[in-house]
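# Analysis of the macromolecular model
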Amino acid sequence: MSEMTSTPSDLPVLATVECPYCSDLVPDARFCGACGAHLVRTGFRASQRLHSYAAFPDEPVLRLGVVTSLFPHLSHRAMAPFRIGFAVIVALLLIFALAGTSAPLIAVSALSVPLLFLIYIWEVDPYEGSFLVPTFVCLLLGAGLGTAWAIIGGSYVDKALEPSLTNSLTSSTAIVAALAVPAIGQLLMCVPMVVVRSMQRGPVESLDGFVAGATGALGFTLAATIDLMSPWLSNGEITHATFLANITQVILRGVSLPLISALATGFVGMAYWSRTGSRATSAKGKWLSSPLPAFGLALTVQIGLGFTDVAALSDAVLVGIHIAALGILTVAMRVGLHFV
């Protein structure tokens, strides 16, 4: 019995179509392979397809989805465990804040989100088999920079928070604490992903840049959170603060700070790797994912939160502003990722 072999001429010819938005000849599918436009749906904004997020086509772009924004590589089947993981983190923060136990509060605030992100890296293997070296370079370099900057910059923030009849948001102390400290901190968060990018050879994926940027930022916030919250241990096992004061600090240190830093720096990394990579896109609106606007957005958010932190605001207002900043940055990052 003769074996059946196939030649290139026996293979089916892939149907192609000319994209009406970028004029490239692409496979006949739901989306254009060159610019990402929706080829089935027509009408207003079809070329931008804001109703179908690039990482998760079943979601719209303009959606406050923290999990699908922080973990863009995941499949839909793998989303549930990470959503449960976030729920467990929030529950532990609430329980330990209510109990007022210092050490567990510091541990969960500092380690929970970085550990969840490391599990995500292990799950998706973004660097295709070589994730250990770039991941640990980003994490350890970010942690080293975070420790150094928390020691140096933390003193300026402490001075700005000291009660004084002359202190204001326009004083030199407040300006240094609210402007220079977060701006330099954001710049330092970008160092690990630049180092890892110089280590990569061959074609690169923009989402790998997001992972590198977010990993470096989470290493930075992990070390900074431990350093900034370590004075709680001097008061013994109990914080001796109110539940509202405890929950405010753990929301800021354990949720807002790591998520905002990871999304902001991941956005910068994604744009930077996309610009320095070998793959190009003809998608409209790609200027939204350029490194300079991405870094400008990260700086704006960090400086805005810097002034918020040194202002004499109530705990509820402070938490509300941080959550609003997280929402704005989440949507902005999704738009940038969509157009890469």
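Structure shown above.
Residues numbered from 1 in each chain as written. Predicted model: local features only at pLDDT ≥ 70, side-chain atom pairs only at ≥ 80, totals over all residues. Heavy atoms only, no water.

When helices and strands are tallied, the chain shows 10 helices and 2 strands. A total of 340 residues make up the chain; the buried ones form 44% of that total. Surface summary for the chain: the accessible area is close to 16800 Å², and the carbon and sulfur share equals 67%. (Helix = DSSP H or I, 4+ residues; strand = E, 2+ residues; numbered from the N terminus. Buried < 20%, exposed > 50% of the residue type's maximum accessible area, 1.4 Å probe, protein only. Areas by Shrake-Rupley, 256 points an atom, 1.4 Å probe, with all protein chains shown as cover.)

With that settled, consider the packing of aromatic side chains. Under the defined criterion, the tally for this structure stands at 6 aromatic pairs. Seen from their ring centres, Phe71 and Phe86 are 6.1 Å apart, and the 45° between their planes marks the pair as tilted. Taken together, the positions of Phe71 in the loop between helix H1 (66-70) and helix H2 (79-99) and Phe86 in helix H2 put the pair 15 residues apart, joining distant regions of the chain. Here Phe71 falls in the buried class, since its relative accessible area comes to 1%. With a centroid separation of 5.3 Å and 50° between ring planes, the pair formed by Phe117 and Tyr120 is classed as tilted. Separated by 3 residues within a single helix, Phe117 and Tyr120 lie in helix H3 (residues 102-124), roughly one turn from each other. (Phe/Tyr/Trp six-rings, centres within 6.5 Å; stacked < 30°, edge-to-face > 60°.)

This brings us to H3. Between its terminal C-alpha atoms H3 stretches 34 Å, which fits the 33 Å expected from 23 residues at 1.5 Å a residue. Remark: Asp125 follows H3 within two positions and exhibits a positive phi of approximately 50°. (Expected span 1.5 Å × (residues − 1).)

Judged by nonpolar contacts, the single largest core of 58 residues is most densely connected at Leu70, Phe71, Leu74, Phe86, Phe117, Tyr120 and Met333. Only H1, H2, H3, helix H6 (191-199), helix H7 (206-229), helix H8 (243-276), helix H9 (291-310) and helix H10 (315-339) provide two or more residues apiece to this core. A total of 12 residues in this core trace back to one element, the largest contributor, which is H8. Ignoring anything within four residues of it in the chain, the contact list for Leu70 reads Phe86, Phe117, Tyr120, Phe210, Leu259, Ala262 and Leu263. Judged by nonpolar contacts, the second largest core, of 6 residues, contains Val181, Leu188, Met189 and Phe220. (Core = buried A, V, L, I, M, F, W, Y, C linked by side-chain atoms within 4.5 Å. Contact = heavy atoms within 4.5 Å.)

Looking now at the pattern of salt bridges. In total, this model carries 2 salt bridges according to the counting rule given. Note that Glu59 and Arg63 form a salt bridge whose closest N and O atoms lie 3.5 Å from each other. Exposure remark for Arg63: the relative accessible area of 39% places this residue in the partly exposed category. When the shortest N-O distance is used, the salt bridge between Arg334 and Glu59 registers 3.0 Å. (Salt bridge = Lys/Arg side-chain N within 4 Å of Asp/Glu carboxyl O.)

What follows is about a nonpolar patch on the surface. Together, Trp122, Leu132, Val133, Phe136, Leu140, Val191, Val195 and Met199 give the surface a local cluster of nonpolar side chains, amounting to about 780 Å² of exposed area. For the nonpolar patch, the elements supplying multiple residues, two or more each, are helix H4 (132-161) and H6. Ranked by the residues each element gives to the nonpolar patch, the list is headed by H4, at 4 residues. Summarising the element assignment, Leu140 is placed in helix H4. (Patch = residues over 30% accessible without salt bridge, like charges linked within 9 Å, V, L, I, M, F, W, Y side chains within 5 Å.)

Note on placement: Val196 falls in helix H6. Residue classification places Val196 among the buried positions, given a relative accessible area of 0%. Taking the C-alpha atoms as reference points, Val196 and Gly209, 13 residues apart in sequence, are found 9.0 Å from one another. Discounting chain neighbours no more than four positions away, the residues touching Val196 are Pro134, Val137, Cys138 and Trp273.

On to the packing of H2 against H3. Remark: H2 packs on H3, axes separated minimally by 10 Å, with the N-to-C direction vectors making an angle of 175°. Viewed along their axes, H2 and H3 adopt a mutual orientation that is roughly antiparallel. For the pair H2 and H3, the contacting residues are Phe82, Gly85, Phe86, Ile89, Leu92, Leu93, Phe96 and Ala97 in the first and Pro104, Leu105, Val108, Ser109, Ser112, Val113, Leu116, Ile119 and Tyr120 in the second. Partitioning the contact of H2 with H3 into residue classes produces 14 nonpolar, 3 polar and no charged. (Axes fitted to C-alpha atoms, helices over the stretch in contact; angles between N-to-C directions. Parallel < 35°, antiparallel > 145°, perpendicular 65-115°, else oblique. Nonpolar A, V, L, I, M, F, W, Y, C, P; charged D, E, K, R; others polar.)

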